[in-house]
Amino acid sequence: MRFLILPLLASALAAADPVGLWRFGVGSVDGQPARIGTMVLTGQEVIASDAAPLRLVCHEAPGITAVLAAGSKGRFAVEPDATGGRQLIFDLETGAVQLDVTDKAPYSGVRVRGAALDVHVTGTLFVVERPRRDADYVALVRGKVHVGLRPEVARALGKAGDLELLERQGVSGDTTTGIGTPTGLNARPQIAFAAGMRAGVADQGSGVSDQGTGWDIDLAAELTGAGLEGSSLGDVAGETGGIPFSEMAEDLVDSFSELGSAPESIADQVSENAGSSSSGGGASSLPLPPSPP
């Protein structure tokens, strides 16, 4: 009997946990196409399409939102901490991810791991990019984060590094030199553009690229419909025969893929579509996707 129980226990311990609900965007999970409503499990490879970002809301902690830039790839994990709690971790493999953490419960902590850096989060909004295979860049929009080296990188370099990044600062790190010196950011980096058109996060923040914006603008959140959830536009079907926001969102993503870049705001376009569907009474009232430039 014990020979049967041990394999069952091992498989139970190794079982993947539901960790993220796919709320907007097109991409894949472990090589399978994923759309709105797909549940992401720990250990699964999440890839955003090259056309537009995708947004995931944490399954157990709705106060944690992750937006993957177009063409980005990574995996979620849940690991124990020193006190017996559970940490939510996102391992960024390529591209960029934006995390907005307003409430991390029931997790004891939230971390993002890149090539060299290990970013520990409290309550904050920040962007991590992996511009090269061996390098990372962190841009803090608001709140505070602790940035350190991954343990294996620190051992290889023979040095430890840990600093607290302040609001509107950025810092780089790589597997050769470790953590750099934080610098002030002149603009708010955005990850809402198509993969081939997005400038580097560091260049946006420094002003080398004009894709950076004012600090009160979050194009990735707007593009992925974050501000519309829970509003009257969140589901315009009701009794009017309109279209659920999730369906309109997918149509908009397809339209943006033809454009190749993000619009200034998704809210205005969705509002216009919602009004058209309410007056016209169905999907035929929606405008056609824009023509390629």
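Predicted, not measured: the structure shown is a model, and the values here were computed from it. (Residues numbered from 1 in each chain as written. Predicted model: local features only at pLDDT ≥ 70, side-chain atom pairs only at ≥ 80, totals over all residues. Heavy atoms only, no water.)

Trainee: Please explain the nonpolar core as it appears in this structure.
Mentor: Within soluble globular proteins, side chains that are nonpolar generally end up buried alongside one another. Ranked by size, the top nonpolar core spans 40 residues in total, and within it V97 and F126 carry the most contacts. Sorting elements by how many residues they give to this core places strand β9 (residues 86-101) first, with six residues. Not counting the four nearest positions on each side in its chain, V97 is found in contact with A66, V67, L68, F90, L92, V112, F126, V127, V128 and I191. The next biggest cluster of nonpolar side chains, apart from the first, holds 13 residues, and it includes A69, V127, A139 and I191. (Core = buried A, V, L, I, M, F, W, Y, C linked by side-chain atoms within 4.5 Å. Buried < 20%, exposed > 50% of the residue type's maximum accessible area, 1.4 Å probe, protein only. Helix = DSSP H or I, 4+ residues; strand = E, 2+ residues; numbered from the N terminus. Contact = heavy atoms within 4.5 Å.)

Trainee: When you look at the side chain of Q169 in this model, what are you seeing that I'm missing?
Mentor: Here Q169 shows up in strand β14 (residues 169-174). Separated by 3.0 Å, the side chain of Q169 and the backbone nitrogen of L166 make a polar contact. Sequence-distant contacts of Q169, defined by excluding residues within four places in its chain, comprise V138, A139, L140, P182, T183, G184 and L185. (Polar contact = N/O pair within 3.5 Å; in protein donor to acceptor, adjacent residues only side chain to side chain.)

Trainee: So what exactly am I meant to see when it comes to the side chain of R198 here?
Mentor: Mapped onto the secondary structure, R198 falls in the loop between β16 (183-184) and α3 (201-206). Although R198 is buried, it makes no salt bridge; E129 carries the closest opposite charge, 4.4 Å away. When near neighbours in sequence (up to four residues on either side) are disregarded, R198 contacts A69, A70, S72, G95, E129, Q190, I191, F193, Q204 and Q211. (Lys, Arg positive; Asp, Glu negative; His and termini not counted. Salt bridge = Lys/Arg side-chain N within 4 Å of Asp/Glu carboxyl O.)

Trainee: Hey, could you run me through the environment of A195 in this one?
Mentor: Relative to the elements of secondary structure, A195 occurs in the loop between β16 and α3. For A195, a relative accessible area of 28% corresponds to the partly exposed category. For the pair A195 and A52, spaced 143 residues apart in sequence, the C-alpha to C-alpha distance is 7.4 Å.

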